[in-house]
Amino acid sequence: MHILRSLHTIALLIATGAILSSCASDDPSPNGRHQAPITVKLTLATTPMASQSRAVWTDPNAADGEMMHTAYVVMADESGRVTNIIAVKPSDESEREVIKYITTESGTYTFYNFGNIAANTSQIAGSDASELSSLSIQGLNFRVGSQAPASAAASATTTCAFNNFDLSVHPEGIPMTNIESHELSNDETVELQLYRQLSKLRFLFTNQTASKVRVEKVTVGNITANGTSIYLFPPKDDNNGVCISWPNAAQRATQTFTYFDQADAPLELSEGQANVALPDQYINESQTDHATGRFPINITLKRLSGTEWQADERHALITLSDAPRNALVMVPITLTDFLFDLEAFFYPPIGGYPPYSMVKHNDEYYATFKGAGDFQLIPHIYRYADRDNPEEWFTLNNTARVESYTMQVNDPSSIFSTRPHVDQTTGEILGTLSGNTGRASVHITAYLKVNESQTQVYNRTVFFIAETND
């Protein structure tokens, strides 16, 4: 799975004007710099979704309508006073265009950027159409010469409604915003970024089964529901990267999002066909609350058996805990002939019988334990054709069927006093629970022998949930 972040960009090219001499009568600024005017050249550009190289409308990950149609940039100085409000109307299929030249003083400026959002504006008398005196947008009011609503902007919210967002019925485009600060001086280039308020999903299917497959339906769980309150401007982490934060996390609702549902026109994959993409779909920025910390996937499909199509269902997890705004989430799905089953045993200390459970849910296994003790997991791997024939199932130590395997343990809460490991003789996974509460996972990668010349990589994760022994 890959996340490729896409940015719209407005470049501020700081151009050097005429050389100004300094004399004793010049008034120095409080920080010791002379406030000689500089000429700021505003240039509008976009950055492709898949890479940071300059290109417009040739980006393979961008679709028509995903670019900027209209934009507003508000510029405020170090005191918070609005110095400029600029309306931007980009030209179609233009990589970069000069918006205007602005003469201003050097210093640190805060920029409030808006794209594809309706607004009420007032033009400065006698100026061109791009020079505005006021801007009212999303409940925020900016006026040249007045203080910018910095506090209100930092906490401003909007409502997301981007699940199944359809650009064909939204000619205004995708809403975009950003707040950022830059120090402006001569001979410097500053790029202002706009972040889309939605994410985009792309599924890529590879068929490694021994038959044709038809994908009829794909759903993704724990996606933020339409109508949820989000921040107007993108939240940032300590490295100034876009992250996820909720105005009211307790009121955030999630839903199972239908990514694809075409039983009458399924995606058909021949044997060995690889990296076939379903149509992209937009979603709200999301953060999973699933027990595993990942997004669950459900796939409804049919397999060709002889001349008949047989119903089948597969389940997986996106190895991702969140999908922030402006992200392209690429999900590669490999359909294999191999499936997985699991037995579990728990051996508590003498005199104690703490409860435990092993639950199979969507072909994933969740082992919930209460208390401390030794455990034993017996993984069974089998082909789809042998799903009803346990005598054909095999374990990890079956060298005739398993070329090799690896196992990665993730235990952030130290719930294991003896980390899970494979018994080389029996193929069982053994370990000991410490009694600490928390979650952990064991990720198994097995290299399975399909035939004498082909090995297939198979991945499965078992999730452990340790609770208090009430």
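The preceding data block contains the structure.
Thresholds, definitions, all that
Note that residues are indexed from 1 along each chain, following the sequence as it is written. Only residues with pLDDT of at least 70 get local features here, since the model is predicted, and only at 80 or more are side-chain atom pairs given and counted; chain-wide, interface and lining totals rely on the full set of residues. The basis for every side-chain value is the complete set of heavy atoms in the structure, and neither hydrogens nor water enter the calculation. Put simply, DSSP H or I for four residues or longer makes a helix, DSSP E for two residues or longer makes a strand, and each gets a number counted from the N terminus. Only protein chains enter the accessibility calculation, which uses a 1.4 Å probe; a residue is then buried when its area is under 20% of its type maximum, exposed when over 50%, and partly exposed in between. Residue contacts follow a heavy-atom distance rule, with two residues in contact if any of their heavy atoms lie within 4.5 Å. Per-residue and other accessible areas were derived by the Shrake-Rupley procedure at a 1.4 Å probe size, with only the shown protein chains allowed to occlude residues. Salt bridge, as applied in this entry: a Lys or Arg side-chain nitrogen positioned within 4 Å of an Asp or Glu carboxyl oxygen. The method works on a 1 Å grid over the protein atoms by themselves. A cavity is a set of points holding a 1.4 Å probe that cannot get out, a pocket is an open set with protein on both sides within 12 Å along at least five of seven lines, and residues with an atom within 4 Å of a point line them. Grid points are joined across faces, edges and corners, and a volume is the space filled by probe spheres set on the points. Three classes are used, and their members are as follows: Ala, Val, Leu, Ile, Met, Phe, Trp, Tyr, Cys and Pro are nonpolar, Asp, Glu, Lys and Arg are charged, and the others, Gly among them, are polar.

J.: An account of the overall build of the protein chain is requested, with residue identities and associated values reported.
T.: Along the protein chain, the regular secondary structure elements total one helix and 34 strands. Within the protein chain, buried positions represent 48% of all 470 residues. The long-range share in the protein chain, meaning contacts at least 24 apart out of those at least 6 apart in sequence, stands at 72%. Accessible area of the protein chain: about 21700 Å², with a carbon and sulfur share of 46%.

J.: Can you break down the pattern of salt bridges residue by residue, with the values?
T.: Taken as a whole and assessed by the stated rule, the structure comprises ten salt bridges. A salt bridge links aspartate 77 to arginine 81; its shortest N-O distance comes to 3.3 Å. Among the ionic pairs, glutamate 285 bridges to arginine 325, the shortest N-O distance being 2.8 Å. With glutamate 285 in the loop between strand S20 (281–284) and strand S21 (286–287) and arginine 325 in the loop between strand S24 (322–323) and strand S25 (327–336), the pair connects residues that are 40 residues apart, well separated along the chain. Taking the relative accessible area as the measure of exposure, glutamate 285 reaches 1% and is therefore buried.

J.: Just give me the short version of the side chain of histidine 290, but keep the residues and values in it.
T.: Following the sequence through the fold, histidine 290 ends up in the loop between S21 and strand S22 (295–305). When its relative accessible area of 13% is taken as the criterion, histidine 290 is described as buried. In this structure, histidine 290 is in contact with Asn222, Pro296, Leu317, Tyr366 and Arg439, ignoring residues within four places of it in sequence.

J.: Just give me the short version of the layout of surface pockets, but keep the residues and values in it.
T.: Taking a probe equal in size to a water molecule and rolling it over the atoms shows the remaining empty space. There is about 730 Å³ of room inside the largest pocket. Looking at the lining of the largest pocket, the elements that each hand over two or more residues are S22, strand S23 (308–318), S25, strand S26 (338–347) and strand S34 (454–467). No other element matches the six residues that S25 contributes to the lining of the largest pocket. When the residues that make up the lining of the largest pocket are grouped by side-chain class, the tally is 14 nonpolar, eight polar and five charged.

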